[in-house]
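# Remarks on the overall topology
Each chain is listed here by its residues.
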Amino acid sequence: RRGWRRVVRVLEELEEGCATPVGRLRQVVDAMAVEMHAGLASEGGSKLKMLLTYVHNLPTGNEKGTYYALDLGGTNFRVLRVQLGGQRSAIIRHDLDRQPIPQNLMTSTSEELFDFIATSLKDFVEREESFSLTSQQERRELGFTFSYPVKQTSTSSGNLIKWTKGFSVEDMVGRDVSECLQQAISQKGLDMRVAVLINDTVGTLALGHYHDEDTVTAVIFGTGTNACYLERADAIIKCQGLITTSGSTVVNLEWGNFWSSHLPRTSYDIDLDADSPNPNDQGFEKMISGMYLGEIVRRVILQMMQESDVLRPFSSKLDVPFILRTQLMAAMHEDDSPNLSEVARILNDTFEIPDVPLNFRKLVVKICDVVTCRAARLAAAGIVGILKKIGRDGSGGIASGKTKGGSQNKMRRTVVAVEGGLYTNYRMFREYLNEAMGQILGEDVAPYVVIRVTEDGSGIGAALLAASHSASS
Ligand code: ADP
């Protein structure tokens, strides 16, 4: 058919635009470490917010007792009860199924919203405790995971900066989130204290650290992406006089908003950003996270179609933003049937393009590969950037202490806790990320850096932190 050569040219341009040779990844590593520095030096000093969490101590594995967690993010919330036996014994937990927040409460008042949450919490507590043999002696301790932007004022308090993800309970903006919850809990006559207020990355770090004390950073690759890590308290210049017994504290990067001129950006990225509700925001997230990868692929296919008549007749569905979910992109990418029948089926079901010729199906697989490869390799560079900032990348690090009498810094085992559907479910993303970690770190250092997948850190991690921040543990 006519235009085939132009289609191939579009692919070649995409490959060039998305290229991530190791040299370029190392520039991204450096940029991440530099931006982290800048964000710690002054408020607004970088696109990285580098938010303080006031979590100075992570769970050690010795926590004992029964703790609760409430996880509110997206449009669902969950309650958990976690029993800990000390000495890193198996976590026994009871899960409440995810419950949707009723639509009308998402735009109501904070009183109505938290009254609903506290009622569900009380019902859950009563039900769970009616099954348990021992009665509750002491006041219950709760970890609250609230995954909206919050300016923390202590480990257990913080003010809502703004709502996202469809919520608009306006009277809550600027107010202390855990105080709202605590009031509602008390009004229900439930004896429970909000012991910690955290976001989901901090929960993941807590769970990772509970299992393995060499865990120093946590990264989430899901619909969105974010990371947090353990920093030396005296490195946080913007908050002088931050005194912690441990000498360190957890910092939330909000790395979705990271930006550097070294990021390989294409016209598809520029257009996606311009058409988004938050242009110039979340630049790193828009190249990496599950919300966007399928959308980038759709834009490339659309471009190919517009430049040639390979895919005539014209299909209108190819015009619909975000119609290609990343799960489907992954399914096409991982189609190993000889005639790529899964690719054909998905292109037909999603875009209503029937009978896509085999050579074009191959091209689509290649597009998925290029887009995911870039995402995973940039994600790896981001992780190594964090390691570099804390002197765990084997290079001596910007912030690491000088070793006396020798040029070689002794490498320590370093664990990165990772969570999120993009990493756990998309094999090619995972493999490209792992491979790039090895390439950037080099074969001498890479064996010291371990990626460990945790599960449900946002819930269990909050309960663990409630345990390590309560008087009785
Ligand atoms: P959250 O929405 O809270 O981030 P998850 O961590 O479960 O929840 O991530 C879900 C996201 O992960 C989805 O929106 C999707 O982008 C991505 N994802 C899930 N499964 C797959 C898959 N099989 N292939 C590719 N991406 C996936």
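Cut-off values and rules
Residues numbered from 1 in each chain as written. Predicted model: local features only at pLDDT ≥ 70, side-chain atom pairs only at ≥ 80, totals over all residues. Buried ≥ 20, exposed ≤ 12 C-beta atoms within 10 Å, placed from the backbone. Helix = DSSP H or I, 4+ residues; strand = E, 2+ residues; numbered from the N terminus. Pairing = 2+ DSSP bridges. Axes fitted to C-alpha atoms, helices over the stretch in contact; angles between N-to-C directions. Parallel < 35°, antiparallel > 145°, perpendicular 65-115°, else oblique. Contact = placed C-beta atoms within 7 Å. Nonpolar A, V, L, I, M, F, W, Y, C, P; charged D, E, K, R; others polar. Core = buried A, V, L, I, M, F, W, Y, C linked by C-beta atoms within 7 Å. Domains from an automatic or database assignment. Near = placed C-beta within 6 Å. Arc of directions from axis to C-beta. Left-handed = near helix turned anticlockwise from the far one by under 90°.

### Examining the pairing of strand β9 (residues 192-198)
Counting buried residues along β9, 6 of its 7 residues qualify, which places the element largely inside the surrounding structure. As paired strands, strand β6 (residues 140-146) and β9 are joined by 6 bridges and run parallel to one another. Across the sheet, the residue bridging to Phe144 is Leu197, located in β9.

### Points about the sheet that holds strand β1 (residues 51-52)
For sheets, the rule is that strands pair by backbone hydrogen bonds, running either parallel or antiparallel. The mixed open sheet is built from 6 strands, whose spatial order is β1-β12-β11-β10-β13-β14. The open sheet has two free edges, formed respectively by β1 and β14 (449-453), since each of these has just one partner strand. Alignment of β1 against strand β12 (residues 248-252), held across 2 bridges, turns out to be antiparallel. For Leu52, the partnering residue across the bridge sits in β12 and is Val251.

### Here's the deal with the packing of helix α2 (residues 22-41) against helix α13 (residues 427-441)
Between α2 and α13, the least distance of the axes is 10 Å, while the angle of their chain directions is 85°. Comparing the axis directions of α2 and α13 gives the class roughly perpendicular. Every residue of α13 that contacts α2 at Val22, Leu25, Arg26 and Val29 is listed here: Ala436, Gln439 and Ile440. Of the residues contributing to the contact of α2 with α13, the split by class is 5 nonpolar, 1 polar and 1 charged.

### A closer look at the nonpolar core
Within the largest apolar cluster, 142 residues are counted, with the highest numbers of intra-cluster contacts made by Ala69, Val297, Ile367, Ala380, Ala463 and Ala466. Broken down by element, this core gets its largest block of residues, 18 residues, from helix α11 (residues 358-389). Built from parts of two domains, this core gets at least three residues from each of domain 1 (1-53 + 211-455) and domain 2 (57-198).

### Points about the site of the ligand
Near the ligand, the surroundings consist of Gly222, Thr223, Gly290, Met291, Thr326, Gln327, Ala330, Gly420, Gly421, Leu422, Asn425 and Tyr426. Of all the elements in the fold, those that place two or more residues in the shell around the ligand are α9 (326-333) and α12 (421-425). Looking at the shell around the ligand residue by residue, the class counts come to 4 nonpolar, 8 polar and no charged.

### A short note on the domain arrangement of the protein chain
Per the domain assignment, the segments of the protein chain are domain 1 (1-53 + 211-455) and domain 2 (57-198). Using only C-alpha atoms to locate each centre, domain 1 and domain 2 end up separated by 31 Å. If you look at the interface, domain 1 gives 5 residues, while domain 2 gives 4 residues. Counted by class, the side of domain 1 that touches domain 2 contains 2 nonpolar, 2 polar and 1 charged residues.

### Brief notes about helix α6 (residues 267-275)
Along α6, the positions that sit buried rather than exposed are Tyr268, Asp269 and Leu272. In a view along the axis of α6, the buried residues occupy a sector of 100°, so they form one face of it. Those residues of α6 that are exposed and aimed more than 90 degrees away from the buried face are Ile270 and Ala274. Buried residues along α6 sit in contact with α7 (283-288) and α8 (293-307).

### Describing the packing of α2 against α11
A pair of packed helices is captured by two measures, namely the crossing angle of their axes and the spacing between those axes. One way to put it is that α2 packs onto α11 with a least axis distance of 8 Å and a crossing angle of 50°. Judged by the angle between their axes, α2 and α11 are oblique. Here α2 runs over α11; the crossing is right-handed. Contacts between α2 and α11 involve Leu25, Val28, Val29, Met32, Ala33 and Met36 on the former and, on the latter, Arg377, Leu378, Ala381, Gly382, Val384, Gly385, Ile386, Lys388 and Lys389. Considering only residue class, the contact of α2 with α11 consists of 10 nonpolar, 2 polar and 3 charged.

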